[in-house]
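Take a look at the letters that make up each chain.
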Amino acid sequence: LLAQDNGYFGIFPDDYYDPKDYGIDPSLPDESDIGNSKQSQTPIDTQGINFIAAGDWICNKQTEKTITNILKFKPELIVGLGDYLFKNPSAQCWFDLSKPIDDLMRIAIGNHDLDFAASYKQLIDHYGLKKPYYSFNFGNIHFVAISSEHPFQKGSTQYDFIKNDLEKT
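Residues numbered from 1 in each chain as written. Predicted model: local features only at pLDDT ≥ 70, side-chain atom pairs only at ≥ 80, totals over all residues. Heavy atoms only, no water.

Enquirer: In this structure, what is going on with helix α4 (residues 117–126)? I would like to understand it.
Expert: Three- or four-residue spacings in an α-helix give side chains the same orientation, since the helix completes a turn every 3.6 residues. Where α4 is concerned, the buried positions are S119, Y120, L123 and I124. Angularly, the buried residues of α4 cover 135° about the axis, an arc narrow enough to put them on a single face. The outward face of α4, more than 90 degrees from its buried face, is lined by the exposed residues A117 and K121. Looking at the buried residues of α4, the elements they touch are α3 (92–97) and β5 (105–107). Immediately beyond the C-terminal end of α4, within one or two residues, lies G128, with a positive phi of roughly 65°. (Buried < 20%, exposed > 50% of the residue type's maximum accessible area, 1.4 Å probe, protein only. Helix = DSSP H or I, 4+ residues; strand = E, 2+ residues; numbered from the N terminus. Arc of directions from axis to C-beta. Contact = heavy atoms within 4.5 Å.)

In structure tokens form, the structure reads like this:
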């Protein structure tokens, strides 16, 4: 991801990402390290899973460019992190713009997605959501999409959903 001066974040395939630049050691752990960390017992698909997560989309030319660049990566899944609408009273602009990635999308609700009740309902209906929080499996990964814009304190419906979902998983 590349941050630009105007606050736009986008995916640019020509940029080289080196994990070492971010203090991440990309090497596999030594045999001696395995006992010192919590390792998943789930078998890992050796082919990998190609997914992209992005948010703060807005409905503009920059988002159109981001979607074009995302498609160059040929993702199997795109996780939308919210804010598709930004004070837009209709979700139609987002639906038109995101049509090339629509079948790959799973979404989370962002704070700006609640700016208008009508556009929020369009978004929820379009993605077949019954609630603004849910979970799904993709390959051997379990995703939980939660909403910071709906009650999540202990005892709330969302809290109970998350707790029960993670206990089952």
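Enquirer: I tried to follow the nonpolar core on my own but got confused; where do I start?
Expert: Nonpolar side chains tend to gather and get buried jointly when the protein is soluble and globular. Ranked by internal contacts, the top residues of the largest apolar core, which has 29 residues, are W57, Y84, W94, M105, I107, L123 and Y127. Every element with two or more residues in this core is listed here: β3 (51–54), α2 (61–72), β4 (77–80), α3, β5, α4, β6 (134–138) and β7 (141–145). Beyond its immediate sequence surroundings of up to four residues, W94 is in contact with W57, C59, T63, Y84, L85, M105, L123 and Y127. (Core = buried A, V, L, I, M, F, W, Y, C linked by side-chain atoms within 4.5 Å.)

Enquirer: Looking at this structure, how should I read the environment of Y120?
Expert: Secondary-structure assignment places Y120 in helix α4. For Y120, a relative accessible area of 17% gives the class buried. Spatially, the C-alpha atom of Y120 lies 8.8 Å from that of I109, the residues being 11 residues apart in sequence. Leaving out residues up to four positions away in the same chain, Y120 has contacts with L85, I109, D113, L114, P132 and H150.

Enquirer: Help me understand a nonpolar patch on the surface, please; the structure alone is not making it clear to me.
Expert: Taken together, the side chains of V144, I146 and L166 define a hydrophobic patch exposed on the protein surface, amounting to about 240 Å² of accessible area. Relative to the helices and strands, L166 resides in helix α5 (residues 157–168). (Patch = residues over 30% accessible without salt bridge, like charges linked within 9 Å, V, L, I, M, F, W, Y side chains within 5 Å. Areas by Shrake-Rupley, 256 points an atom, 1.4 Å probe, with all protein chains shown as cover. Salt bridge = Lys/Arg side-chain N within 4 Å of Asp/Glu carboxyl O.)

Enquirer: Please clarify how the pairing of β4 should be interpreted in this entry.
Expert: Every second residue of β4 is oriented toward a common face, with L77 and V79 on one face and I78 and G80 on the other, all of them buried. Read from β3 through α2 to β4, the crossover connection turns out right-handed. Both β4 and β5 contribute to a ladder of 3 bridges, which runs parallel. From the neighbouring strand, V79 faces β5, where its bridge partner is R106. Between the parallel elements β4 and β5, the chain passes through α3 in a crossover that is right-handed. (Right-handed = clockwise from strand over helix to strand, strands pointing away. Pairing = 2+ DSSP bridges.)

Enquirer: Explain the state of the cysteines to me, please; I cannot follow it from the model alone.
Expert: Covalent bonding between the sulfur atoms of two cysteines is what defines a disulfide. Per the stated rule, a full pass over the model turns up 1 disulfide. The disulfide bridge from C59 ends at C93, spanning 2.0 Å between sulfur atoms. Handedness here is read from the sign of the S-S torsion; for C59 and C93, about -120°, the answer is left-handed. Placement of C59 in the loop between β3 and α2 and of C93 in helix α3 is noted, with a sequence separation of 34 residues between them. (Disulfide = S-S within 2.5 Å.)

Enquirer: Can you help me understand unusual backbone geometry in this one?
Expert: Glycine aside, residues mostly have negative phi, and peptide bonds are mostly found in the trans state. Positive phi is not limited to glycine here, since D56 has a value of about 55°. If you trace the backbone, D56 turns up in the loop between β3 and α2. In the Ramachandran plot, K74 falls in the positive-phi region, its phi being about 50° despite a non-glycine side chain. For K74, the position within the fold is in the loop between α2 and β4. The exposed category is assigned to K74, whose relative accessible area is 67%.

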